[in-house]
Amino acid sequence: MSTPLTVEKESRMMSATLRALNGIERAGNKLPHPFWLFVFLSAFLMALSWLLATLNVSAVNPADNKTVVAQNLLSTEGVAVMLGDAIDNFATFPALGTVLAVMLGVAVADKSGLLAAVLRRGISRVPARWVTFALAFTGMISHAAADSAYIVLIPLGGLAFYAVGRNPIIGVIVAYVSVAAGFDASPVVTPTDVILGGITTEAAHTIDQTVNVTPLANYFFSLASSFVLAAVITLVTETLLTKRAKSMPIDDDADVGDLGDLKLSDLERRGLRWSGVSLLVIAALVALAIIPSGSPLRDENGDLDFGPLLGAIALLIGIAFCVVGIVYGRIVGTIKKSSDVPDFMAHGMREMAPVIVLFFAISQFLAYFKWTNIGTIVAIKGADLLKAAGITGPVVFIGILLIVTIINLLITSGSAQWALVGPVFVPMLMLLDIPAETTQAVYRIADSCTNALSPMSPYFVLVLGFVQRYRKSSGIGTLMALVLPLCLVMLVTWTLLFLAWWALGIPLGPGVPVR
């Protein structure tokens, strides 16, 4: 039973947290759109490159013992590079083609209704004692739907809890935190895997041109993380949030929605079964194709590590999403004619338009950063400093986690944030013999856990609206009191999981060592 002193202490902590978040919101609101942020950063980079080139700043790259000199973007050669390579920078940006190929398939799966049906199936007909874990793990699966997961799963979370006689506000919170704070953990490959892999590859090329970070680079760790985080959300919810829920009953006139929205029809269940069968067929065909030692998916030595399969992973993922979406759509009737498929793809590309615009600015910034050698010099100097100080893996990881966690409260776009810090962190840790895939895995933890806390996220307001749908007197304080414990425990647990993973030397993905 809480004492008055305990209640007063919790109230002071919550007030302090809300003041800090209000400060973050004010600071974040002063930041420009990520597109303009990278335009301004490019302009700053021009001035910085002029200064460093004037001062003859350089460093010796231990990878090849060659001297790396800062180059001036405002020189004749620099201006020629900026103007002459702009189109190539955009067209050859690693994340662009791969993410578009995946999204063509994801769009079909989404518009056919398959992804929404999978989410509803994941939390329907679940016993009351399992509803929290089922909802949390469904949130991990929902990351395949990218931002659409928020729109679909948050209201379903409230319905799922209400259907088993529990407070729907807690269901909304569990769904929101599962999607937002666990955004980079999933048992399936997601568009985020593709985007981050492309940016990481580009950053790694400043040290080693042979590095290719695929969408499967962190798959093993991401798969394990999805189960661990779902369990953590369940534990915190059942031991803490359910107690808080007793003090916040829903209003008598609350709009609880239509419980029928949660149930699948016989036709939808049939569509899910056959789309599942089609996915197994695709997996079997790929497996059969790579088994022969002379398979065209292997390299000339018969290995998969550097064969065409790695480059085709994004395409295969897109094809898989497309096929299962078509099968489902044909059965349930959302796809009636062949032209529906390219129409769905076109609709998906329209939704990707803001990302493509952002990619243009990011691709130019990364190209300038690479050409000036500033990123390489900072990485070399930073690595030398860490070596001289005797700072090793775990301490470096925790430092990066703290830095990115703070930045994440202001810049909620994962790709924009990684494009900003990845070109420094990836090569710097590579010089400390830490693979690029490992640095990416660390980033994904920090990029996820504070998403649910950031008032800069458009979904922060969205989830507050759903909470107020059940209890009109709820405010930001109510939301923060429910979300904060989940986010903090997830951050600590996920970090400990990674450190244990690293210490044991478990591969992060197929053929990807953690160190």
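Coordinates for the structure precede this section.
The model shown is predicted, which means the values in this text are computed figures rather than measured ones. (Residues numbered from 1 in each chain as written. Predicted model: local features only at pLDDT ≥ 70, side-chain atom pairs only at ≥ 80, totals over all residues. Heavy atoms only, no water.)

A look at the pattern of salt bridges
Thinking step 1. Taken as a whole and assessed by the stated rule, the structure comprises six salt bridges.
Thinking step 2. When the shortest N-O distance is used, the salt bridge between D184 and R444 registers 3.8 Å. Of this pair, D184 sits in the loop between α9 (168-180) and α10 (191-204) while R444 sits in helix α19 (residues 436-449), and the two are 260 residues apart along the sequence.
Thinking step 3. D184 gets classed as buried once you look at its relative accessible area, which sits at 3%.
Thinking step 4. We classify R444 as buried; its relative accessible area is 4%.
Thinking step 5. Close ionic contact of R269 with D266 constitutes a salt bridge, the shortest N to O distance being 2.1 Å. Here D266 and R269 lie together in helix α12 (residues 266-290), a separation of three residues that amounts to about one turn.
Thinking step 6. What emerges from the salt-bridge pattern is a single network uniting D184, D193 and R444. (Salt bridge = Lys/Arg side-chain N within 4 Å of Asp/Glu carboxyl O. Helix = DSSP H or I, 4+ residues; strand = E, 2+ residues; numbered from the N terminus. Buried < 20%, exposed > 50% of the residue type's maximum accessible area, 1.4 Å probe, protein only.)

What to know about the environment of P155
Thinking step 1. Here P155 is to be found in helix α8 (residues 148-163).
Thinking step 2. Linking P155 and V463, residues 308 residues apart in sequence, is a C-alpha distance of 8.9 Å.
Thinking step 3. Once you skip the residues sitting within four places of it in the chain, P155 turns out to touch Y150 and F466. (Contact = heavy atoms within 4.5 Å.)

Some points on the environment of C322
Thinking step 1. Within the fold, C322 resides in helix α13 (residues 308-332).
Thinking step 2. Placed 216 residues apart in sequence, C322 and V106 show a C-alpha to C-alpha distance of 6.5 Å.
Thinking step 3. Not counting chain neighbours up to four residues away, the residues in contact with C322 comprise G105, V108, V341 and M345.

Observations regarding the pairing of strand β1 (residues 58-61)
Thinking step 1. Of the two faces of β1, the one lined by A59 and N61 is fully buried and the one lined by S58 and V60 carries no buried residue.
Thinking step 2. When β1 meets strand β2 (residues 66-69), the two strands line up antiparallel, connected through four bridges. The residue of β2 that forms the bridge with N61 is K66. (Pairing = 2+ DSSP bridges.)

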